[in-house]
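The chain contents come next:
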Amino acid sequence: MALDGMMLAGIAGNLQKLEKAKIGKIQNLSDEEIMFSTHGPAGSQKLLINVHSNTNRLYLSGRQPEFLPSPTNFVMVLRKHISQGIIQSIEQAGFDRILKFSIAGHNELGDAVNYNLYAELMGKYANLILTKAEDDTIIDCLKRIPVYENSKRLLHPGAKYDLPPKEIKQDPRKDVQLDLESSLVKQVEGFSPLLSREYIFRMHQGETFEDITKTLLTSNKLYVYKKDYHIIELKHLDEKGREFEIMDGLDHLYAQNEQKIRIQQQAGDVFKAVDKELRRLEKKLPKLESSLHDSQDYEKYRVWGDLIFAYMYQIEREPFVVLQDFDTGEDVKIPMDIRYDAKTNANLYYKKYRKAKRSLDILQEQIDQCRQDIEYYRQLQEQLKHCLAEDALEIRQELVKNRILRQDKTSVRKKKNQNPHVLHLMVDGADIYVGKNNLQNQYITHKLSRKEDLWFHVKDYHGSHVLLKCQEPTEHLIRLCAMLAAWFSKGRDSSSVPVDYTTVSNLKKVPGSKIGFVTMKSYKTIYIDPDAAIIEETIKTCRKK
């Protein structure tokens, strides 16, 4: 669902805490997503503005995301003009999906200058525009729209900023005249089809337009359903939604999609390479198995060669000859190459016999290796489903090492001996380490671990290595580690997921195996139901930076 004007009004009300706050760092999360760190009377806040055409949004984020290694030109402009500026006010343009931030800043000479930052959250027209407050002259836009692309509205440095053309609709805060037989989208400002359906449903149930609007505009809650969400309870959906504080809800709602977008931007080639390699191997395996099946019948070629030699002087040049088998007495039909005599045909069958015999072992080795590689790339596929951008970049390193991808020369040079970005939790005085890719799994199992530490891995699935370091493992810690192992695996959506656990002293690395692969001498198994709420809350409150 896209953001509508009425929801933005509710969000704007919750953003008033940013007034009189100073803008600190301004950083890119992606090319179309910017985070502003602010410090003010309400404490430190992180304002996230996304102007992507499909996922545009604006809210206060409580997470610490990954930033792009180098800022875009527009972010550099923002840093120059409004970094260290004070947010004076935040206003919505009527009930349009536009928020105006009035900011008091300074120029290079230290003179006071006022700026306006407009966040336009209008689907494919979403944009972020910085202007001089005195005359709204555009300093720069995140997306520049020249006159040849839109003759009605020029968004370009030096042009005067004008609000988009406004349709004539009724103000929801005033007395309205409604036709409940048609959608409210074209009748009232700020309405989306979803909100229109909710209003009409409630009004048919006896609620008044004014009461519903008052509830919506004073709401500080977000109600999240399977496919929809809003700051008012959506009773017409006839399903139970999850209730959040509005900013926490938006943070939760968008976190997964944001991460997917950033991963695709920073490591999209990793997904393509893994999928391509897996498709290649899955096509290769049936061909190898077919060749193996054909080669297993190699003994007949020796028999045919023997028979041709035995009856050599009776054979004429024909496409087929029928000869009697020495052992069974049965007739054997043998294809012949009429270009050659009987002796040459016999030698060709002997050659084919020796080649087929030699190829059996080679084909079996290739089939075994192909199956291992398929499992390996399926494992990488599973890891990529649940990884962060930094985890995907580590998988990229692994593929570069395996010569599947080339080294990205344009990437920022990493520090030598930099450790993988494992998830480190501190729970009840115990250290828990969670690996989300093979490099992290290997680091946890073979570098961080000690013989007495407990090691967890989901049974019969590709998944995370989880390490528990503590003096006396409690049942709570064991169950939590088992749940983490199940959550970061293919079994996260299952119930009663079996998780094996043992001490590190029982693990053995298999020589020549893929990175992260180990075997266990002995272990115990626990069955666990992965719980998203428990995992998310634990990671949020117990994660060590």
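Reading the values: the criteria
- Numbering of residues starts from 1 in each chain and follows the order in which that chain's sequence is written.
- Whole-chain, interface and lining totals are the exception, using all residues; otherwise, since this is a predicted model, local features are given only for residues with pLDDT of at least 70 and side-chain atom pairs are given and counted only at 80 or more.
- Hydrogens and waters are ignored; side-chain quantities use all the structure's heavy atoms.
- For the purposes of this entry, the term helix denotes a DSSP run of H or I that reaches at least four residues, the term strand denotes a run of E that reaches at least two, and both are numbered from the N terminus.
- C-alpha atoms define the radius of gyration in this analysis, and the globule rule sets the expected value at 2.2 Å times the number of residues to the power 0.38.
- A 1.4 Å probe rolled over the protein chains alone gives each residue an accessible area, and that area as a share of the maximum for its type sets the label: buried under 20%, exposed over 50%, partly exposed in between.
- We call two residues contacting when some pair of their heavy atoms lies within 4.5 Å.
- Only the protein chains shown count as covering a residue, and every accessible area follows the Shrake-Rupley method with a 1.4 Å probe.
- His is not counted, nor are the chain ends, whereas Lys and Arg count as positive and Asp and Glu as negative.
- All charge positions are set by atom: Lys at NZ, Arg at CZ, Asp at CG, Glu at CD.
- Centres within 6.5 Å make a pair out of two Phe, Tyr or Trp rings, where for Trp the six-membered ring is used; the pair is then stacked when the planes are under 30 degrees apart, edge-to-face when over 60, and tilted otherwise.
- The criterion is that NZ of a Lys, or CZ of an Arg, lies within 6 Å of the ring centre and within 35 degrees of the ring normal, and then a charge sits over that ring.
- Any Lys or Arg side-chain nitrogen located within 4 Å of an Asp or Glu carboxyl oxygen qualifies as a salt bridge.
- What makes two strands pair is DSSP finding at least two bridges between them.
- A fitted line through C-alpha atoms serves as each axis, taken over the contacting stretch for helices, and the angle formed by two N-to-C directions is quoted from 0 to 180°.
- Here roughly perpendicular refers to angles of 65 to 115 degrees, roughly parallel to angles under 35, roughly antiparallel to angles over 145, and oblique to all remaining angles.
- The classification used treats Ala, Val, Leu, Ile, Met, Phe, Trp, Tyr, Cys and Pro as nonpolar, Asp, Glu, Lys and Arg as charged, and all other residues, Gly among them, as polar.
- Put simply, a nonpolar core is a bunch of buried Ala, Val, Leu, Ile, Met, Phe, Trp, Tyr and Cys residues held in one set by side-chain atoms that sit within 4.5 Å of each other.
- Whenever a nitrogen or oxygen atom comes within 3.5 Å of another N or O atom, the pair is scored as a polar contact, on the condition that within protein one atom can donate a hydrogen and the other can accept it, and that pairs from neighbouring residues in sequence are kept only if both atoms are in side chains.

Remarks on the overall build of the chain
Within the chain one finds eleven helices and 22 strands. Its C-alpha radius of gyration of 33 Å places the chain more than 25% over the 24 Å reference for a compact globule of 545 residues. Expressed as a percentage of the 545 residues in the chain, the buried residues total 49%. A fraction of 57% describes how many contacts in the chain between residues 6 or more apart in sequence connect residues 24 or more apart. Working note: accessible area of the chain is about 30000 Å², and carbon and sulfur atoms make up 48% of it. Between the mean site of the 83 positive side-chain charges and the mean site of the 77 negative ones, the chain shows a separation of 6 Å.

Re the packing of aromatic side chains
Evaluated as defined, the whole model comprises twelve aromatic pairs. Each ring, one from Phe191 and one from Phe209, has its centre 6.2 Å from the other, and the planes form 10 degrees; the classification is stacked. Note that Phe191 is positioned in the loop between β9 (138-141) and α3 (193-204) and Phe209 in helix α4 (residues 209-217), a separation of 18 residues in sequence. One exposure class covers both Phe191 and Phe209, and it is buried. Seen in terms of ring centroids, Tyr311 and Phe326 are 6.2 Å apart; in terms of plane orientation they differ by 25 degrees. Their pairing is stacked. Of this pair, Tyr311 sits in the loop between α6 (299-310) and β13 (320-324) while Phe326 is found in the loop between β13 and β14 (331-335), placing the two residues 15 residues apart along the sequence. Taken together, the ring pairs connect Phe191, Tyr199 and Phe209 into an aromatic cluster. Directly above the ring of Phe320 sits Lys333, whose terminal nitrogen or CZ lies 4.6 Å from the centroid. The side chain of Arg492 reaches across the aromatic face of Trp487, ending 4.0 Å from its centre.

Digging into the pattern of salt bridges
As enumerated under the stated definition, the model contains 22 salt bridges in all. The salt bridge involving Glu120 is made with Arg153; its shortest N-O contact spans 2.3 Å. Of this pair, Glu120 sits in strand β7 (residues 112-120) while Arg153 sits in the loop between β9 and α3, and the two are 33 residues apart along the sequence. Residue Glu120 is classed as buried on the basis of its relative accessible area of 0%.

Topic: the pairing of strand β6 (residues 98-106)
Both strand β5 (residues 86-92) and β6 contribute to a ladder of six bridges, which runs antiparallel. Directly across from Ile86, in β6, lies its bridge partner Ala104. The hairpin formed by β5 and β6 contains five residues between the paired strands, and Gly94 there has a positive phi angle of roughly 60 degrees. In this sheet, β7 lies alongside β6 in antiparallel orientation, the contact comprising nine bridges. By the bridge assignment for β7, Phe101 is matched with Leu117. Linkage of β6 to β7, two consecutive antiparallel strands, is achieved through a turn of five residues, within which Gly110 is found at a positive phi near 90 degrees.

Concerning the packing of helix α8 (residues 389-401) against helix α9 (residues 438-448)
At their nearest, the axes of α8 and α9 sit 8 Å apart, and the two run at 90 degrees to each other. With respect to their mutual orientation, α8 and α9 come out roughly perpendicular. The segment α8 lies against α9, with Asp391, Glu394, Gln397 and Glu398 engaging Asn438, Leu439 and Gln440. Taken together, the residues that form the contact of α8 with α9 break down as one nonpolar, three polar and three charged.

A few points about unusual backbone geometry
The phi torsion at Arg403 lies on the positive side, around 65 degrees, for a residue other than glycine. Topologically, Arg403 is positioned in the loop between α8 and β15 (423-427). For Arg403, a relative accessible area of 78% corresponds to the exposed category. Located in the positive-phi region is Ser496, a residue other than glycine, with phi close to 50 degrees. Assignment of secondary structure puts Ser496 in the loop between α10 (475-487) and β19 (497-503). Classification of Ser496 as partly exposed rests on a relative accessible area of 44%.

Points about the sheet that holds strand β10 (residues 221-224)
Spatially, β11-β10-β12 is the arrangement adopted by the three strands of the open sheet, whose pairing is antiparallel. The open sheet is flanked by β11 (229-230) and β12 (242-245), the only strands paired with a single partner.

Overview of the nonpolar core
Membership of the largest hydrophobic core comes to 68 residues, with the highest contact counts inside it found for Ile11, Leu15, Phe36, Leu58, Ile82, Phe101 and Leu128. Excluding anything up to four places from it in sequence, Leu15 contacts Leu47, Leu58, Leu60, Ile90, Leu99 and Met247. Listed in part, the 45 residues of the second largest apolar core include Phe271, Ala273, Val332 and Cys370.

Remarks on the sheet that holds strand β17 (residues 454-458)
Taking strand neighbours across the sheet as the criterion, the six strands line up as β15-β16-β18-β17-β19-β22 in an open arrangement whose pairing is antiparallel. Strand pairing shows two members of the sheet lacking a second neighbour, β15 and β22 (524-528), which therefore form its edges. Taking each pair of neighbouring strands and ignoring which way they run, the sheet shows an average axis angle of 25 degrees. Examined bridge by bridge, β17 and β19 share five bridges and lie antiparallel to one another. The residue bridging His457 from the neighbouring strand is Asp500, located in β19.

Observations regarding the environment of Thr218
By the element assignment, Thr218 lies in the loop between α4 and β10. Spatially, the C-alpha atoms of Thr218 and Gly13 are 8.1 Å apart, while their sequence positions differ by 205 residues. Here the side chain of Thr218 touches Lys214 through a polar contact of 2.7 Å, landing on its backbone oxygen. Among the polar contacts listed, one links the side chain of Thr218 to the backbone oxygen of Thr215, at a separation of 3.4 Å.

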